[in-house]
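Observations on the model geometry
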Amino acid sequence: MDGRPLPAEVPVARNASQTSAPPQSHGGTGPCLPALLSPLPFTEGDLTAGCEHELQAAVFGTRDSVDLPLVIQQSNFYRNLCKRVERGDAPRSALSKLEHLLEDAGPQGWDNSWVRFPLAFLNEEARATLRADLRADKSDAASPPRGDERSFFVEREDGDHWVRVPVSYLLKLSLAQIAGGDDDLPAGLRAAVRDLQQHYLSDNSSPELTSFRVVPLRASRGLGRALGTEAAKRLLLTYLLAEYANDEFRLRALGQDASVHQSASPSARQREINEAVTDSFYRELYMSPCLSGWERGEEKLEYMRLCHQVLTWSQLCATVKLRDAGIVANNLMVPPSLSTLSLANNGVHITIGSRRLSAMGRAGHPDWTPAAEKRVGDLVTKVVEHFMPLFPGVFSAAPRRIDFRQFHPELVLGYLPHELDYSHLRPLWRRWRRKADIKFLGATITPFGPRWIDAAAGTLLGLRGDFVPDARLLEYLVSPLSTPESPALDGSEGNWDRLKSDLADHGVFHKRLSLYLMFRQRFAKQHGFCGYEGRAHSLFPRFSDLGDAASLQALLCAHATRLVATGAVAHADIPDTPEAESERRQFFFAGAIGLKSLNTRPEAGNRFLAGLLSRAADAKPSRRYPDRMKVKLAGYRRALVASLREDSADLVEQLGLGGMLDGLERRLDPATGEGAAEQLTRGILAVAGARTPMALSAREFDEAAEQHALGLLRAAHLAEGLESLRADLALAASHGHPAAAAAGEWPALCREAESAFARGSRLDPRLVRRLLAATVASIAADAELDHLPEANDAAPVH
């Protein structure tokens, strides 16, 4: 999310440590840096935040009513496959598998299906919105329609015209329909409803939703808690919009039940469809048409298709690196699917901005040039990457079971061959194999290759595979490794473009794509603000977990920026080599896998990492690798927290984050069960009626995870949204704000909705409409209430 900063006039607070000028920087960051970064950015009064959610959409109904199975059955791909089977050119098993996947989806629904309904159900404003979004260039009123315009309409045999759109765009149409004449919405709120449409994006496969406003982070409000409550209310509104569409556009009466929820991974059915069809047909089925959020939607769609093609090829190229690293042998290699699922994974991007740096960037400050911004930003990014292992499985997670038959390195290692140097990848894979339950009579058994043999061997020998805390971070390209000639973070302008060119030459990436990084700088000239986007967050069990993650990310921005400003760290302290990048990032991926320990070589030039490792009490020489240290991941994470407490004690106090760090230490202790992976896994096991993940097969675990996301987890998220709505409307009422009056009888509405969510029952359509009006009224007032000193102080502490 491009979390634009608030106006620069807002004063920036100083703390005691900022009153004296810091010492001169070294390492090429520039002679004006100390004065430029004083007072310190990313501190009290300077912080802003926003986030972007990638949601999971599903449509429930039979194969004869829902768009996705209808499109597959009516496709040339399906007809040609039937003819090839009849001629004997294709195995009957291929058709049987696809037919099996076209059976009614049951409680899981059809992930990322579109919906279709009569065009006559749209009122004039919704139709005008659709017409505008179907222009090839939305900025030009005279623009011709998109070339694929016909794909959004269906002419039925009875001559009736229907519209067909993805759920991501259905949400925007709901807003347009409400603005165009819903009687439950006060006229004064119609402009607010129109403004919300720009935040509902059609991108990748899933609906994307950005913060409705830039949120100021203040210690008096619990810092990141403000972002968590904003997100909770935003997701509540999104759920209500889907329910509104089901009633207003008669979707349920037509055999379609559209739904949105939070889930980090695509369903088991979508995975299997991905394996059963070609990559081209998969893109036709699942790539969003980019109707909303882009001036030239068709161009954006072509960009997304390019992303999928490149990442599919990159996934295949990763297997070559595994062979070259000696991790797989040719006769045992099981190549991944010819169509990647990486773009169907759903995460949360949290962006932290600095008002002061943004104002300087927009004003063209003579010292805060794009070159200076890049030099500082790259170094801050390198520092923060050392602390990123504090996030996977701790604040957010995507737990997943892996069966023995799936435990091939070319399948489970995903894009890691592009992200870690072979000197770290080989030991990591060796430790992962030791962790997994794939041993028989003391010997580690490697899957053989053919699936039926691996399935039989797993059953007969009792080989169960493994369980990982955050599979999402293994299934998409988080941060490609720099090349020796083109480092990504050396502080020089144009380094990202040079790296992309190098990666393209090796089949890893493409020059046209935005460079993927787990922690990515946002530039004043390009994005309109200065800040950093954390892209490593998967599924949050609670919105309060999201708030805590935002608080930690804000603290890391301040901590790293001060280290740079004071000269405590320079580019030379963190070498710009692939080996140094891989060395610090291996801890992050180890957290996603759930490894207990790693081998590292801190004396290899990374003085900053060596300083952090010196705080890890349980580090010791490795017996297998004499030139390396064996470090427990838990010890390294504790050392990171100790570093923040000791080196930035004043920042922790100023931002009121002592309690957050206490909570972080509890999360890091598996015995407490407070980590995100533990929280989500407990919920999944409760649905499955199992005691441990390893008691389930991968398919059973996946199906239980889908039911949990659609059931108890969504109900808990909606309950948090209601609590945020209730608290914000109570604050508005206490100040006589008109939002409380516009919301109607909101206390009774919240109680009625809360009761329905607790029972797991649907909301009455009339209640949906009244609750929509109350939520919009509260959202419209948020920007004004942000400036009250006690704003959100009454919000619940989850």
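Below: a short report on this structure. Sequence order as written defines the numbering, with residues in each chain counted from 1. The predicted origin of the model limits local features to residues at a pLDDT of at least 70 and limits the giving and counting of side-chain atom pairs to 80 or more, whereas totals for whole chains, interfaces and linings rest on all residues. Hydrogen atoms and water are omitted, and side-chain values are computed over all heavy atoms in the structure.

1. Notes on the layout of surface pockets
In this structure, the second largest pocket spans a volume of roughly 1300 Å³. For cavity detection a 1 Å grid was placed over the protein atoms alone, and a set of points counts as a cavity when a 1.4 Å probe fits there but cannot get out; an open set counts as a pocket when protein lies on both sides within 12 Å along at least five of seven lines, with lining residues being those that have an atom within 4 Å of a point. Along its surface, the second largest pocket is lined by 49 residues, and Arg-271, Glu-275, Ser-337, Leu-411 and Arg-451 are the ones closest to its centre. Only DSSP runs of H or I reaching four residues or more are called helices, and only runs of E reaching two or more are called strands; each is numbered from the N terminus. Residue assignment for the lining of the second largest pocket shows that the elements contributing at least two residues are helix H4 (92–101), helix H9 (268–276), helix H11 (297–324), strand E12 (400–402), helix H14 (409–412), helix H17 (451–461) and helix H27 (698–710). For the lining of the second largest pocket, the element with the highest residue contribution is H9, accounting for six residues. Its residues placed into classes, the lining of the second largest pocket shows 21 nonpolar, 15 polar and 13 charged. Grid points are joined across faces, edges and corners, and a volume is the space filled by probe spheres set on the points. Under the scheme applied, nonpolar residues are Ala, Val, Leu, Ile, Met, Phe, Trp, Tyr, Cys and Pro; charged residues are Asp, Glu, Lys and Arg; polar residues are all the others, including Gly.

2. Focus on the pattern of salt bridges
Salt bridges are counted wherever a side-chain nitrogen of Lys or Arg sits within 4 Å of a carboxyl oxygen of Asp or Glu. Per the counting criterion, the structure on display carries 55 salt bridges. Linking Asp-786 and Arg-213 is a salt bridge whose minimum nitrogen-to-oxygen distance equals 2.6 Å. Of this pair, Asp-786 sits in the segment after helix H31 (765–785) while Arg-213 sits in the loop between strand E8 (207–210) and strand E9 (215–216); the two residues are 573 residues apart in sequence, bridging distant segments of the chain. Think of it in three bands: with a 1.4 Å probe and only protein chains considered, a residue is buried below 20% of the maximum accessible area for its type, exposed above 50%, and partly exposed in between. Given a relative accessible area of 14%, Arg-213 falls into the buried group. Notably, a salt bridge pairs Glu-646 with Arg-615, separated by 2.5 Å at the nearest N-O pair. Residue Glu-646 is located in helix H23 (residues 633–647), and its partner Arg-615 is located in the loop between helix H22 (607–613) and strand E19 (620–621); the two are separated by 31 residues in the primary sequence.

3. Notes on helix H20 (residues 543–565)
Over its 23 residues, H20 extends 33 Å from the first C-alpha to the last, a length consistent with the 33 Å expected when each residue adds 1.5 Å. Burial analysis of H20 places 22 of its 23 residues in the buried class, which makes it a mostly covered element. Gly-567 lies just past H20 and shows a positive phi near 80°. The span one expects for a helix is its residue count, reduced by one, times 1.5 Å.

4. Re the environment of Asp-89
Of note, Asp-89 is situated in the loop between helix H3 (76–87) and H4. When the C-alpha atoms of Asp-89 and Ala-781 are compared, they prove to be 63 Å apart, with 692 residues separating the residues in sequence. Counted as a polar contact is a pair of N or O atoms within 3.5 Å, where, for protein atoms, one must be capable of donating a hydrogen and the other of accepting one, and residues adjacent in sequence contribute only when both atoms are in side chains. Looking at Asp-89, its side chain comes within polar contact range of the side chain of Arg-87, at 2.9 Å.

5. So, the sheet that holds strand E18 (residues 597–600)
Should DSSP find at least two bridges between two strands, the strands are taken to pair. The three strands are arranged E18-E20-E19 in an open sheet whose pairing can be described as antiparallel. The open sheet has two edge strands with one neighbour each: E18 and E19. Across four bridges, the pairing between E18 and strand E20 (residues 629–632) is antiparallel. Within E20, the position partnered with Thr-600 by the bridge is Met-629. Contacts are assigned to residue pairs with any non-hydrogen atoms lying within 4.5 Å of each other. Axes here refer to lines fitted to C-alpha atoms; in helices the fit is confined to the stretch in contact. Angles between the N-to-C directions go from 0 to 180 degrees. Packing of H23 onto the sheet brings it into contact with E18 and E20, and relative to E20 it is tilted by some 75°.

6. Details of the sheet that holds strand E5 (residues 153–155)
As summarised here, the arrangement of the three strands in space is E4-E6-E5, forming an open sheet in which the pairing is antiparallel. Among the strands making up the open sheet, the edge pair consists of strand E4 (114–118) and E5. Taking the axes of each pair of neighbouring strands and ignoring which way they run, one obtains an average angle of 25° across the sheet. Direction of pairing for E4 relative to strand E6 (residues 161–166): antiparallel, over a ladder of five bridges. When the sheet's bridge partners are listed, Trp-114 is paired in E6 with Pro-166.

7. A short note on the packing of aromatic side chains
Aromatic ring pairs are described here by two measures, namely the spacing of the ring centres and the angle between the planes. Between 30 and 60 degrees the pair is tilted, below 30 it is stacked and above 60 it is edge-to-face, where a pair is any two Phe, Tyr or Trp rings, Trp via its six-membered ring, whose centres lie within 6.5 Å. Tallied over the full model, the rule gives 18 aromatic pairs. Their ring planes at 25° and their centres at 4.1 Å tell us that Phe-587 and Tyr-636 sit as a pair that is stacked. Of this pair, Phe-587 sits in helix H21 (residues 578–593) while Tyr-636 sits in helix H23, placing them 49 residues apart in sequence. Here Phe-587 and Tyr-636 have matching classes, each one buried. In our convention, an over-ring charge means Lys NZ or Arg CZ found within 6 Å of a ring centre and within 35 degrees of that ring's normal. Of note, Arg-156 hangs over the ring of Trp-162, and the distance from its end group to the ring centre comes to 4.0 Å. Residue placement shows Lys-300 over the ring face of Trp-294; its charged tip is 4.3 Å from the ring centre.

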